[in-house]
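Commentary on secondary and tertiary structure
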2 protein chains.
Amino acid sequence: MKGSGVTIEPNGHFCSDCAVRDFAVCSSLDPAELREFEHLGRRVQFSSGETVFSEEDITTSFYNLLEGVMRLYKLLPDGRRQIVGFALPGDFLGMNISGRHNFSADAIGAVTVCQFAKLPFGRFIEDRPHLLRRINELAIRELSQARDHMVLLGRRSADEKIAAFLLCWRERLVSQKGVSDMVPLPMSRQDIADYLGLTIETVSRTFTKLERHGAIDIVHGGINLLDPARVEALAAA
Amino acid sequence: MKGSGVTIEPNGHFCSDCAVRDFAVCSSLDPAELREFEHLGRRVQFSSGETVFSEEDITTSFYNLLEGVMRLYKLLPDGRRQIVGFALPGDFLGMNISGRHNFSADAIGAVTVCQFAKLPFGRFIEDRPHLLRRINELAIRELSQARDHMVLLGRRSADEKIAAFLLCWRERLVSQKGVSDMVPLPMSRQDIADYLGLTIETVSRTFTKLERHGAIDIVHGGINLLDPARVEALAAA
DNA sequence: AAAGCCCGTTGACCCAGATCAATCTTGACG
DNA sequence: CGTCAAGATTGATCTGGGTCAACGGGCTTT
């Protein structure tokens, strides 16, 4: 579902009290810069399932995810899909060198982004090396995650993939909402399958197996980690 | 094989006539900067199979590959290996945010690198945003390649993996030594298998199958692309 | 509340690619 | 030139996970 999103009236939205202020790209900006920066972005909302941008689209904007979860994916011509990542609040999307996006991005549930037009954003960076350094830092971190994911896709069994996914997803949620054994899974089984290079049936079966072994409890919208140690042992790394 | 490499006497080595001058990180530097930069790096040689740096090692240096090919890989505790990339001359290695390398790097055949101590290099970048921009550009390009590779690992068949690998490898060699239907493969079958998430037997069988179909010709140290169109069709993307 | 749909689960079966096991090729070295 | 070791190929067999198919449970719609 292609969506252009809904721009929110800017009343009352200031970078200085933005929820992702401290861990997004903008954490590198001082208060004065932040006031200038404020005029570059506009808040836009997307509803569940809407596509924020598509692979091969000419890049006209960058996005800072403020609220919600997004799936980032690539499609093969015959429809096979590989999800290359899930984005959480604070993630910065859209950087590329070809001038075109190299993956598509959909909202999973309602999403709010801070959208920056490419050119003014590029100009703003120009003489702010600390912002560039911050962007570089995020790119390098993503690269490291991408390599970990290659190991998972190329060399791990279905059981290991699922276990590693649960732990890694929980870990990422920690920085958002603190530690908890309840792990919300807003994405569908199909999304998880396409992320792990499996089929939906294998994902379902593996969850059931983990539940039968008492390692997790499948609840609506997520799972409970009953035995984190056992899941860690399964993830084996 | 862990190796510390052999430093080459600096006589007669100048950045200005470096082979990778135009496409490595240093392409962003002007002649004056280049002269200063020259003192930061030292040329080091590694012989076939030597390890230049290992995953989890504390990062003390960055590397600019000048000559040869390297395999970049991660190991699971039980020895399973995933090659996350092959490095060619001009590639810049070692960036990370944790202070530790996040993959290992071996020489495939003899290799020459330009090695930079981390701290002086970091200081040199400090007030040279154009160099930082160049590094960022390289990171973003690698990220895009990493995502393509995830699709390959997660969603493609063995035949497609091999075909895509041959075409992609040939494409990369174009910028090094021009177009040719002779594709040198300096890495072993095991390396190819670990890059594609397959076993050595499947790689061997798939090569043989391609040869029987007249698409390629297996020669010592590489293959001849007899029917590029057919291989492209197999790669299906 | 009945109908329909979407999503997830479960079972039966199958196959691409892994595993196991020779055998062959090539190059290094006495 | 013969010996050895390392890599590559090939064949036989097995299996993890894919495919196909049925079913169920929780929504929305009317």
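Residues numbered from 1 in each chain as written. Chains lettered and ligands numbered in written order. Predicted model: local features only at pLDDT ≥ 70, side-chain atom pairs only at ≥ 80, totals over all residues. Heavy atoms only, no water.

This part is about the protein's contact with DNA strand C. Near DNA strand C lie 15 residues; those nearest to it are Ser204 and Thr208 of chain A together with Ala158, Thr202 and Arg205 of chain B. Atoms of DNA strand C within 4 Å of the protein belong to the sugar or the phosphate in 65% of instances, the rest to bases. Taking arginine 189 of chain A, its side chain carries an N or O atom lying 2.8 Å from a phosphate oxygen of DNA strand C. Arginine 205 of chain B places a polar side-chain atom, nitrogen or oxygen, 2.8 Å from a base oxygen of DNA strand C. Elements that contribute at least two residues to the surface near DNA strand C include exactly helix 6 (200–212) of chain A together with helix 6 (200–212) of chain B. A per-element tally of the surface near DNA strand C places helix 6 of chain A first, with four residues. In terms of residue class, the surface near DNA strand C is built from two nonpolar, eight polar and five charged. (Near = heavy atom within 4 Å. Polar contact = N/O pair within 3.5 Å; in protein donor to acceptor, adjacent residues only side chain to side chain. Helix = DSSP H or I, 4+ residues; strand = E, 2+ residues; numbered from the N terminus. Nonpolar A, V, L, I, M, F, W, Y, C, P; charged D, E, K, R; others polar.)

Residue and element names in this part refer to chain A. You can read the domains of chain A as domain 1 (6–152) and domain 2 (156–235). For domain 1 versus domain 2, the separation of C-alpha centres amounts to 26 Å. Counting residues at the interface gives 17 residues for domain 1 and 16 residues for domain 2. Here domain 1 packs against domain 2, burying approximately 1,500 Å² in sum over the two surfaces, 59% of which is carbon and sulfur. Together, Phe86, Leu88 and Leu152 form the three largest contributors to the area buried by domain 1 at its contact with domain 2, with a combined 45%. At the boundary of domain 1 and domain 2, one finds four salt bridges. Close ionic contact of arginine 81 with aspartate 194 constitutes a salt bridge, the shortest N to O distance being 2.6 Å. Applying the counting criterion to the domain 1 and domain 2 interface returns 11 residue pairs in polar contact (both at pLDDT 80 or more). Taken together, the elements giving at least two residues each to the side of domain 1 that touches domain 2 come down to strand 4 (61–75), strand 5 (81–87) and helix 3 (129–155). Tallying contributions element by element places strand 5 first for the side of domain 1 that touches domain 2, with seven residues. (Domains from an automatic or database assignment. Contact = heavy atoms within 4.5 Å. Buried area = accessible area lost by both parts, 1.4 Å probe. Salt bridge = Lys/Arg side-chain N within 4 Å of Asp/Glu carboxyl O.)

A few words now on the packing of helix 4 (residues 158–177) of chain B against helix 6 of chain B. Residues and elements named next belong to chain B. Packing of helix 4 against helix 6 leaves a shortest axis separation of 10 Å and a crossing angle of 75 degrees. Judged by the inter-axis angle, helix 4 sits roughly perpendicular to helix 6. The segment helix 4 lies against helix 6, with Ala158, Asp159, Ile162 and Leu166 engaging Thr202, Val203, Thr206, Phe207, Lys209 and Leu210. For the contact of helix 4 with helix 6, the residue count by class is six nonpolar, two polar and two charged. (Axes fitted to C-alpha atoms, helices over the stretch in contact; angles between N-to-C directions. Parallel < 35°, antiparallel > 145°, perpendicular 65-115°, else oblique.)

Before going further, it helps to spend a moment on the pairing of strand 5 (residues 81–87) of chain B. Along strand 5 of chain B, seven of the seven residues are buried, which leaves the element largely enclosed by surrounding structure. A loop of five residues connects strand 4 (residues 61–75) of chain B with strand 5 of chain B, the two strands running antiparallel in sequence, and glycine 79 of chain B in this loop sits at a positive phi of about 100 degrees. (Buried < 20%, exposed > 50% of the residue type's maximum accessible area, 1.4 Å probe, protein only. Pairing = 2+ DSSP bridges.)

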